[in-house]
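In case you want the letters, here they are:
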Amino acid sequence: MLRIFCSVLYWACSLAFAFAQYADSMPVGEERSSLDSTYFSQIDSVMQAYEQVKRQRQVEQVIRQHESKLLKKEMSMSIDGALPLARGLLLTWTDHGFITHPARFESKGDKCNWTDYGVAGAPLVATWLMKAVGVKSRSKLERMLTANAMALGISFGTSELLKNTVSETRPDLSNDQSFPSGHASFAFVAATVLHREYGHVSPWISVGGYTAATTTQLLRIRHNKHWMNDLYMGAGIGTVSTNLAYFLTDKIFGMSGVNKPEVRFKDVVRLMKFNAMPTGFSFVAGTEIGNRKVYFDDATLKTGAAIAVGADLSLHTSPYFSIELMARAVDAQMKVYGQERLFTGDNLNLYHFDAGTKFSAPIFPGIRIGTRVFAGTRVMDGLTLTDHVKSYTIPNETKFECGIGVTYECLDTDNYAWGIIADYYHTFSRYMQNRYSISSTWKILF
């Protein structure tokens, strides 16, 4: 009410001032016979000034309301991590037969554990280094210490409880502490802390953190320490633990010691660009399944679900159509079935290099869905599985492939777009012709 009263008072005073100036310009005793152009010009300038102030106040009110919503979202419980948890649980069920089937994978020793921990902890070290040099973070020191300690405690406690309860044997048969991956859990705690504290500074910070976490997953499977379900459960536990820790910390400290999110001009520009021409570069990580068997006369070679990582380049030629360039690296563990002897296990590597076109459209501001078709080449590294008496070999090959996919993208508040891609690959080969992938994406707009 006070704001309305002040606006009316401002309008009345402005009119009175303009009228007084016009009246003073007239000769004494002379009556105005008509409203001339000078009078209208003065009235128009007053009205324009009033309308400009009114519009500025309206925009300011909208911005403040949106910032309030951003803060409420920031301090609510995030569901990030639910997808890898679901993947881990699903793979634990669907790949149970593969995991328990006997095979010994090559032992890389325990020295690799510390190298893997170094990669996993890099995002957490980066977080505290930026804090030390004064880069503005989400949380003040006390609040940040509390959230970090709580995240590590919840993650470590959950992982250790499951390890001792499930007692899953590692691929190299070194012990029965495989499920879930403690390295992956720690890596995604570190990456999520970095994202929560400094994701607003640059999208490359968040992408860098999650790239280190995904690299940790790849190292653990290449070092024959984990199955695929272990890695996804570890990732889910780490992400959920961190988000839960920040949620509880926010409940404890309230509004004290948190830097409130702000609507910046570049955020408005980003939203307009995303809805119009979302050209950008995406990092991709997910699971590839489908045809998993290779048949020999007296045995079958079978893979588990595979981890797939890569990148997409999306070049928009119009608001709806884009050229897609795609690259994937796939790692799948393989075992021999149909033999009583104990054969070694090994990792089968596939590489996809494709180009295509995508149609996508915004269904809401900040949300796009689309479909794409593509074609290219699949490269497969050969491998040999043996029991030192008999062996089975899959040769190297390079084959033509084509496929189709559907995409979902959502513009995040932290400088990037995240999404989900489901692709189908058909390769003109006798080995694993039909493959399906479900991946999460992090896209940086150009």
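Draft legend 1. Just the nonpolar core, in detail. The biggest cluster of nonpolar side chains holds 19 residues, and the ones touching the most others in it are Leu 301, Met 334, Val 336, Leu 348, Met 380 and Ile 394. Ranked by the residues each element gives to this core, the list is headed by strand β5 (residues 321-337), at four residues. Those residues in contact with Leu 301 that sit more than four places away from it in its chain are Arg 292, Lys 293, Val 294, Phe 296, Met 334, Lys 335, Val 336, Leu 385, Tyr 392 and Ile 394.

Draft legend 2. Local environment of a nonpolar patch on the surface. Taken together, the side chains of Leu 83, Trp 418, Ile 420 and Ile 438 make up a nonpolar region of the molecular surface, amounting to roughly 310 Å² of accessible area. With respect to the helices, strands and loops of the structure, Leu 83 is situated in helix α3 (residues 82-94).

Draft legend 3. Just helix α6 (residues 141-166), in detail. With 26 residues, α6 extends 37 Å from end C-alpha to end C-alpha; this agrees with the ideal 38 Å at 1.5 Å per step. Buried within α6 are the following residues: Arg 143, Met 144, Ala 147, Asn 148, Ala 151, Ser 155, Ser 159 and Lys 163. Taken together, the buried residues of α6 touch α5 (111-132), α7 (182-198) and α9 (228-253).

Draft legend 4. Broad picture of the pairing of strand β7 (residues 367-380). Bridge count for strand β6 (residues 346-364) against β7 is 14 bridges, and the pairing is antiparallel. Looking at the pairing, Phe 364 lines up with Ile 367 of β7. The hairpin turn running from β6 into β7, its antiparallel successor, is two residues long, and Gly 366 in that turn takes a positive phi close to 90°. As paired elements, β7 and strand β10 (residues 397-411) share 14 bridges and run antiparallel to each other. By the bridge assignment, Val 379 is partnered in β10 with Thr 398.

Draft legend 5. Looking closely at α5. Compared with the 32 Å implied by 1.5 Å per residue over 22 residues, the 31 Å span of α5 between its first and last C-alpha is a close match. For α5, the elements touching its buried residues are α6, α7 and α8 (203-222). Within two residues after α5, Gly 134 carries a phi angle of roughly 95°, on the positive side.

Criteria and thresholds
Residues numbered from 1 in each chain as written. Predicted model: local features only at pLDDT ≥ 70, side-chain atom pairs only at ≥ 80, totals over all residues. Heavy atoms only, no water. Core = buried A, V, L, I, M, F, W, Y, C linked by side-chain atoms within 4.5 Å. Buried < 20%, exposed > 50% of the residue type's maximum accessible area, 1.4 Å probe, protein only. Helix = DSSP H or I, 4+ residues; strand = E, 2+ residues; numbered from the N terminus. Contact = heavy atoms within 4.5 Å. Patch = residues over 30% accessible without salt bridge, like charges linked within 9 Å, V, L, I, M, F, W, Y side chains within 5 Å. Areas by Shrake-Rupley, 256 points an atom, 1.4 Å probe, with all protein chains shown as cover. Salt bridge = Lys/Arg side-chain N within 4 Å of Asp/Glu carboxyl O. Expected span 1.5 Å × (residues − 1). Pairing = 2+ DSSP bridges.

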